[in-house]
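Residue-level listing of the chains:
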Amino acid sequence: MTSPAVEAVAASGIEYRVVEHGPVSSLAEAAAVRGVEIADIVKTIVVRVAAGDYRFVLVPGGRVISWPKLRALLGVARMSMPDAATAKAATGYERGTITPFGSTTAWPVIADERIRGREISLGGGRHGVALAVQADSVIEVLRATVADISEPGD
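Residues numbered from 1 in each chain as written. Predicted model: local features only at pLDDT ≥ 70, side-chain atom pairs only at ≥ 80, totals over all residues. Heavy atoms only, no water.

Draft legend 1. Representation of the packing of aromatic side chains within the structure. What the rule picks out here adds up to 1 aromatic pair. When the ring of Tyr54 is compared with that of Trp107, the centres are 5.2 Å apart and the planes differ by 70°; the resulting orientation is edge-to-face. Taken as a pair, Tyr54 in strand β3 (residues 53–60) and Trp107 in the loop between α4 (84–91) and β5 (109–112) lie far apart in primary sequence, 53 residues in all. With respect to burial, Tyr54 and Trp107 carry one shared label: buried. (Phe/Tyr/Trp six-rings, centres within 6.5 Å; stacked < 30°, edge-to-face > 60°. Helix = DSSP H or I, 4+ residues; strand = E, 2+ residues; numbered from the N terminus. Buried < 20%, exposed > 50% of the residue type's maximum accessible area, 1.4 Å probe, protein only.)

Written out as structure tokens, the structure reads:
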């Protein structure tokens, strides 16, 4: 199975596994079919900081972006989540498949501090495909900013 995401993670030199599964309709179902805990599924959320300026935000399952914390980190008063078409135009990926690996633009990455030290499951660029990777390797290779930017949710 290949995709821009799989090709990019392979080219990065970090260890990874491709996990293929059928359609899922919830975070709990995705965790079950991938054989991981909900917190190990890391959502890649595209955030618009300004016109034509986006960030990838990595948030563990069971948590959501804390907008006040993220705004403070970035030093901005406003930001938003783009609609599905804009997110696809900015990344090359459909919602539910988005990953920083192989994106059409290498936007800066912000990772919630809670993913450190874990094997995580990221989107693999296609529906039903995930990348199992060490979070610390992802943080290093993507030069992610790591901070407390989430709160309980989902």
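Here the narrative resumes, following the displayed structure.
Draft legend 2. Representation of helix α1 (residues 4–12). Among all positions of α1, only Ala5, Val6 and Val9 are buried. Taken end-on, α1 shows its buried residues confined to a sector of 95°, consistent with a single buried face. Looking one or two residues past α1, Gly13 carries a phi angle of roughly 90°, positive in sign. (Arc of directions from axis to C-beta.)

Draft legend 3. Region of the structure containing the side chain of Arg34. Mapped onto the elements, Arg34 comes out in helix α2 (residues 27–34). Within the structure, Arg34 has its side chain in polar contact with the side chain of Ser121 (distance 2.9 Å). In this view, Arg34 contacts Val19, His21, Ile41, Ser121 and Ala130; residues no more than four positions away in its chain are not counted. (Polar contact = N/O pair within 3.5 Å; in protein donor to acceptor, adjacent residues only side chain to side chain. Contact = heavy atoms within 4.5 Å.)

Draft legend 4. Representation of the nonpolar core within the structure. In this structure, Leu58, Ile115, Ile120, Leu122, Val133 and Val138 are the most contacted members of the largest nonpolar core, which totals 26 residues. Taken together, the elements giving at least two residues each to this core come down to α1, β2 (42–50), β3, α4, β5, β6 (119–123), β7 (129–134) and α5 (135–141). Excluding anything up to four places from it in sequence, Val138 contacts Ile14, Leu58, Phe101, Leu122 and Val133. (Core = buried A, V, L, I, M, F, W, Y, C linked by side-chain atoms within 4.5 Å.)

Draft legend 5. Local environment of the sheet that holds β7. Read from one edge of the open sheet, 3 strands run β1-β7-β6, paired in antiparallel fashion. In the strand order of this sheet, the two ends are held by β1 (16–20) and β6, each with one partner. With direction set aside, neighbouring strand axes in the sheet form an average angle of 30°. Alignment of β6 against β7, held across 5 bridges, turns out to be antiparallel. Bridge pairing links Ser121 to Ala132 in β7. (Pairing = 2+ DSSP bridges. Axes fitted to C-alpha atoms, helices over the stretch in contact; angles between N-to-C directions.)

Draft legend 6. Up close: the sheet that holds β2. The mixed open sheet is built from 4 strands, whose spatial order is β2-β3-β5-β8. Either end of the sheet is taken by a strand with one partner, and the two such strands are β2 and β8 (145–147). Each neighbouring strand pair of the sheet contributes to a mean axis angle of 25°, computed without reference to strand direction. Sheet analysis places β5 next to β8, joined by 3 bridges and oriented parallel. For Ala111, the partnering residue across the bridge sits in β8 and is Val146.

Draft legend 7. Focus on the pattern of salt bridges. This structure, assessed with the given rule, holds 6 salt bridges. The salt bridge involving Asp112 is made with Arg114; its shortest N-O contact spans 3.0 Å. The closest approach of N and O atoms between Arg114 and Asp148, which form a salt bridge, is 3.0 Å. Placement of the pair is Arg114 in the loop between β5 and β6 and Asp148 in the loop between β8 and β9 (150–152), with a sequence separation of 34 residues. According to the relative accessible area criterion, Arg114 is partly exposed, its value standing at 31%. One continuous salt-bridge network, built from bridges that share partners, spans Lys69, Asp112, Arg114 and Asp148. (Salt bridge = Lys/Arg side-chain N within 4 Å of Asp/Glu carboxyl O.)

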